[in-house]
Structures are given as C-alpha cells and as structure tokens.
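Secondary and tertiary structure notes
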Amino acid sequence: MEHNPLLNGISVKEHDETRQGEAFGSNPATQLNVNAPANGKQFYVESYGCALNFNDSEIVATLLNKEGYGITTNYKEADLILINTCSIRENAEQKVRERLRQFKAVKKTRPETLIGVLGCMAERLKEKLLEQEQMVDLIVGPDAYRSLTELIQEAASGHKAVNVLLSREETYADISPTRLSSNGINGFVTIARGCNNMCSFCVVPYTRGRERSRDAYSIVAEATMLFNEGFRDITLLGQNVDSYHWQNEAEGSLSINFAQLLAMVAAISPDLRVRFSTSHPKDITDEVLYTMLAHENICKQIHLPAQSGNSEVLERMNRTYDREWYLQKFNRIKELIPECAVSTDIITGFCGETDEQHADTISMINYCKFDFSYHFKYSERSGTPAQKKFADDVPEEVKQQRLDEIIALCRFYAHEKNKAAVGQTFKVLIEGPSHKKVDGQLCGRNTQNQMIVFQGGQAQKGTYVHVKVTATTTGTLIGEIV
Ligand code: 5AD
Ligand code: SF4
C-alpha cells in the first residue's frame, strides 16, 4: 500500500479500486498554525473513503493543532497515529486492518505511540474493535472529534478511550479545516453530515447518524476564506446535498435550502467555481437546475447515483424512486442544461438481481451515456436492512462479470464523450503543471469536470484560459490555448 509523502501527513486512498477518478490534488498546501502552543508532539493521519472523510481529517488536524500538536508525514516518528476509516464495503475495512498491522509494528520500538481509529469503522464496531485490534488505544466516532484531546489524555494514562456518541447537532460549523491534501485550487466544504435515507444496502446512516445541515453563513464564510487564500474551485459536500435545509433560529423563520445556498456561495465571486456532491434523484429540484443556469460559475456537472436501472431492484434497495423517475430526472437535467455532465454510481449483484434486471442497468447506461461513473460489487454490511431482509445470493463471479461488463460500457461512453470534445473550446481553470510534468505543460478542468492538458505559456495557476481540444487519449483531453 503506497503512501504519498507529498500530502503532509495525510495520504489519499482511492474510494475503491473501481473508482475511475480522483478528486484530490497532490501538492502540499498545509496551513497549520505555526504559532500554536507547541506541545512537542506530532500526529500522523491517514484517510480512507469519501471526500467527507478527508474533510473530517482536516477538522481533526485543526483541533489537534490548537492543542499544540504538529503534523508529520512519517508515521514511524509520530506520537499519535490516526486512521480515519470507511465502512462502506468490506474491502474498505480490510485495507484499514492491513494498514493497522503496519502501524502496530511501530509500538515494538516506540511503545508509547498511541494509535487511534476514527470515522465509520470506529462507529460501526465501537468497543468490539478494541478486542479485534489489540494495541489500538482510541476509538473515535465521526461526531466525537471535539473530545479527542481528553481521549488522548485518557489513552496516554493507559486506559483505552472510546467515544462513539452520535449527535443530532454536531456540524463542526465553527472549525475551519486545515487543508491537508490540496493543490491550493480545489477545496472541499462539508455542508451537511449524516443521512436520513435508508438505502437498504448502506451502512452510512448507522455510522454517520442523522442528517444535519450546517449553518449557511459558516459555509459561505469558509468558502470566502478559501477564495481569499487562492482556491478557485469549491465542492460542497454532503451525503445528500439536495436535502440541505438550514433553519436559522436567530432569525425566526429564515430557512435556506440547497438552491439558495448554492446561489449564496456562487455570489462570492464570479471567479470562484462551485460544484456539489452527492445529489439524490428523489431530491434534486428544478430550483437547483435553474440556479445552476443562472450562475455561470456553478459548474455544469451533477453526480446522480442511479445504483440500478431496474425498478424492482431499486425498490429492494429502498431508493424511493424507480427507473422511470430516474430517467425523467436525467431528461430534465439535459432539457434545461444540455451541456451538463451527469455521472453516477452503480452497484452490481445486489440481492436477488437477475440477468434481466442487470440488463435493465445496461440499457439505462446505454440511454444515459454517463460522462463518468463509479461501480461497485454489492458488499453485504452487517446490520443494514438488506442484510436483515434479503440473501446476498448473487454469486461472486456473476457480480464480477456484471461489474466488468458495466465498466467496459461506461469506459466506452466516457471515451465517446472525450472524442466529442475534440474541436470544442472550453473555459479551463488552471490547476497547475500536468501530472506527467512535461515542460511547460499545464492541466485544468472545464465546467463539466473534464481534465485538459495543454502547453501553458505564461498562464498562471488559478486563472482561466480558453482551450481548444485537439486530441484525446482514453483518459485525458489534449488542447491548446486560444
Ligand atoms: N456495497 C456496494 N456498494 C455500496 N455503496 C454503498 N453501500 C454499498 C454496499 N453495501 C456504493 C453506492 C454509493 C457509493 C458511495 O457506494 O453506490 O452511492
Ligand atoms: Fe447511503 Fe443512500 Fe444515504 Fe447515500 S443516500 S449515504 S447510499 S443511505
């Protein structure tokens, strides 16, 4: 398992091998407060899973920094090793356990090192994890990070420390995350925590609790601060951003929904691009689409997980929409915003999925021709409604075959999209040198989130240029500034 030392103490792990993209940059832009009352101790944090988890590690970094902790990129010299975990699929948990084995080896030479497990696995397994993973000292759930310093003290005095209380209020609204893994251009802002949907396959409602929307003004303040620091592309994060709803008790009846929040963030500056993820097909509204249309700087890109193209499977998944509903939402997006990129998540081999039902997913992909997609084999999670109600009865090799078929088809359409871009000119935000580090070559994204590589000349990172696409490989568009 590789660790990228460039990331100043945080290492970026793909959400899943089947994920085709990476939302994170890789240059260090850590802005730890150097005036912190240093206590001479250093922590190391490594994160797994979704962008929300990475953002949580940045909140943890701020909290620890306030207590005087410095950060290190080398876990072997850390006083405190933290691993922020994901439980969404079994293989995510396995990766964490493998990594824990390496961390525990440090204790042979430095027995005073503390090891803490944060995030979804901590929440799912609670004290049980202490029995399973001896030498872990701290277990901290996603809503308990404010208690970290007390827990560290408790662990340092030789007692195992656990706080996995979920909260109905905690949004960490007042904490400005320390940007650990960032190129200084793309920033992530969490707008809501938890999830009230009960998709039958999903462990998230149990590990991250009830949905809470964060104070809209604190979101705008954080996005403004990022803009002032040079960030130009901000993604608003939530399990289900469309159900964002913040009620301001101080201002009586004032309430802000997601479309209004989007408009508020977009108003910070026309030079600030705004993206959001994830949308739920049952909740995305025309108001959101019209808001996207009204603001050039709200990117024309929607991540709209379908999970399946078959209505019976969707019902067993408790997605609360059917195939027709999904296709109607898809059509509506394309009707109002024809250039909008739509991406999706798909699960193969969910309980009881037949060949015909899988064929419905294939036909949906053929209809939607997604710009981008993530695909997963169904992984049964203990305690979820699907685990209680249905048998995980699709054989592993069938799940794999269906996954392979879907990956090949989605790649084909993604490549078709890239070919269609050749000859077109896009407004591109420069993110920095191209990943291949060819002399003078820069890269950046268009509003649809396609990455384009081009010769930069005098163009500066964080500025916009118009780029005409001249060629494409399967993954990347190649162009020239016009
Ligand atoms: N098995 C496989 N994939 C899952 N996802 C969520 N739970 C599971 C599971 N038990 C996928 C869904 C979701 C994405 C974040 O992860 O597609 O949209
Ligand atoms: Fe899980 Fe469904 Fe909530 Fe997404 S919307 S986090 S899949 S329960």
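Residues numbered from 1 in each chain as written. Chains lettered and ligands numbered in written order. Predicted model: local features only at pLDDT ≥ 70, side-chain atom pairs only at ≥ 80, totals over all residues. Heavy atoms only, no water.

Caution is warranted with low-pLDDT regions, since their predicted coordinates should not be read in detail. Averaged over all residues, the pLDDT of the protein equals 90, while 92% of them reach at least 70. Counted against residues more than four places away or in other chains, residues 1-35, with its pLDDT under 50, gives 107 contacts. (pLDDT = per-residue confidence, 0-100. Contact = heavy atoms within 4.5 Å.)

Another aspect to go through is the site of ligand 2. Around ligand 2 lies a shell formed by Cys195, Asn197, Cys199, Phe201, Cys202, Val204, Pro205, Gln239, His280 and Arg319. For the shell around ligand 2, the per-class residue count stands at six nonpolar, three polar and one charged. (Near = heavy atom within 4 Å. Nonpolar A, V, L, I, M, F, W, Y, C, P; charged D, E, K, R; others polar.)

Let us now look at the domain arrangement of the protein. Its domain assignment divides the protein into domain 1 (42-163), domain 2 (186-421) and domain 3 (425-481). For domain 2 versus domain 3, the distance between C-alpha centres works out to 26 Å. Taken together, the contact pairs 19 residues of domain 2 with 20 residues of domain 3. Carbon and sulfur atoms make up 45% of the surface buried where domain 2 meets domain 3, a total of about 1500 Å² over both sides. If you sort the residues of domain 2 by the area they bury against domain 3, Arg273, Asn418 and Ala421 come out on top, with a joint share of 40%. (Domains from an automatic or database assignment. Buried area = accessible area lost by both parts, 1.4 Å probe.)

A few words on the packing of aromatic side chains. Two aromatic rings are characterised by how far apart their centres lie and by the angle between their planes. If you walk through the whole model with that rule in mind, you get 15 aromatic pairs. Centroid distance Phe258 to Phe276: 5.2 Å. Interplanar angle 75 degrees. Geometry classified as edge-to-face. With Phe258 in helix α8 (residues 258-266) and Phe276 in strand β13 (residues 273-277), the pair connects residues that are 18 residues apart, well separated along the chain. Under the relative-accessibility criterion, Phe276 is labelled buried at 3%. An angle of 80 degrees between the planes, with centres 6.2 Å apart, marks the rings of Phe330 and Phe370 as edge-to-face. Within this pair, whereas Phe330 is found in helix α11 (residues 323-336), its partner Phe370 is found in the loop between α12 (355-368) and β16 (372-377), the two being separated by 40 residues in sequence. In terms of burial, Phe330 and Phe370 fall into one category: buried. Site record: aromatic cluster; members linked through ring pairs are Tyr321, Tyr326, Phe330, Tyr367 and Phe370. The ring of Tyr464 carries Lys427 above its face, with NZ or CZ at 4.6 Å from the centroid. (Phe/Tyr/Trp six-rings, centres within 6.5 Å; stacked < 30°, edge-to-face > 60°. Helix = DSSP H or I, 4+ residues; strand = E, 2+ residues; numbered from the N terminus. Buried < 20%, exposed > 50% of the residue type's maximum accessible area, 1.4 Å probe, protein only. Lys NZ or Arg CZ within 6 Å of the ring centre and 35° of its normal.)

Our focus in this paragraph is the site of ligand 1. What surrounds ligand 1 is the set Ile88, Arg89, Phe201, Gln307, Asp345, Ile347, Phe376, Lys377, Tyr378, Ser379 and Arg381. Of the residues contributing to the shell around ligand 1, the split by class is five nonpolar, two polar and four charged.

Mapped onto the elements of the fold, Val220 is located in helix α7 (residues 216-228). The class for Val220 is buried, based on a relative accessible area of 17%.

Most of strand β18 (residues 441-445) sits out of view: five of its five residues are buried. Relative to β18, strand β17 (residues 425-433) is paired through four bridges, and the arrangement is antiparallel. Bridged to Ile430 within β18 is Gly444. Sheet analysis places β18 next to strand β19 (residues 451-455), joined by five bridges and oriented antiparallel. Considered in β19, the bridge of Arg445 is made with Met451. (Pairing = 2+ DSSP bridges.)

Our focus in this paragraph is the nonpolar core. Residues Leu236, Phe258, Leu261, Phe276 and Tyr326 are the most contacted members of the largest nonpolar core, which totals 65 residues. Those residues within four positions of Phe276 in sequence are excluded, and the remaining contacts are Thr235, Leu236, Val241, Phe258, Leu262, Val288, Met292, Ile298, Gln301 and Ile302. By size, the runner-up hydrophobic cluster in this structure holds 25 residues, among which are Leu114, Leu151, Ile152 and Tyr172. (Core = buried A, V, L, I, M, F, W, Y, C linked by side-chain atoms within 4.5 Å.)

So, about helix α9 (residues 286-294). Residues of α9 that are buried: Val288, Leu289, Thr291 and Met292. One face of α9 carries all of its buried residues, which in axial projection span an arc of 160 degrees. (Arc of directions from axis to C-beta.)

Turning next to the environment of Ser47. Checked against the element boundaries, Ser47 lands in strand β1 (residues 42-47). Separated by 304 residues in the primary sequence, Ser47 and Cys351 place their C-alpha atoms 30 Å from one another. Within the local environment of Ser47, its side chain forms a polar contact with the side chain of Ser57, the two groups lying 2.6 Å apart. (Polar contact = N/O pair within 3.5 Å; in protein donor to acceptor, adjacent residues only side chain to side chain.)

Now for the sheet that holds β16. The three strands lie next to each other as β14-β15-β16, forming an open sheet whose pairing is parallel. What marks the edges here is a single partner per strand, and that holds for β14 (301-303) and β16. The mean inter-strand angle of the sheet, taken between neighbouring strand axes irrespective of direction, is 10 degrees. (Axes fitted to C-alpha atoms, helices over the stretch in contact; angles between N-to-C directions.)

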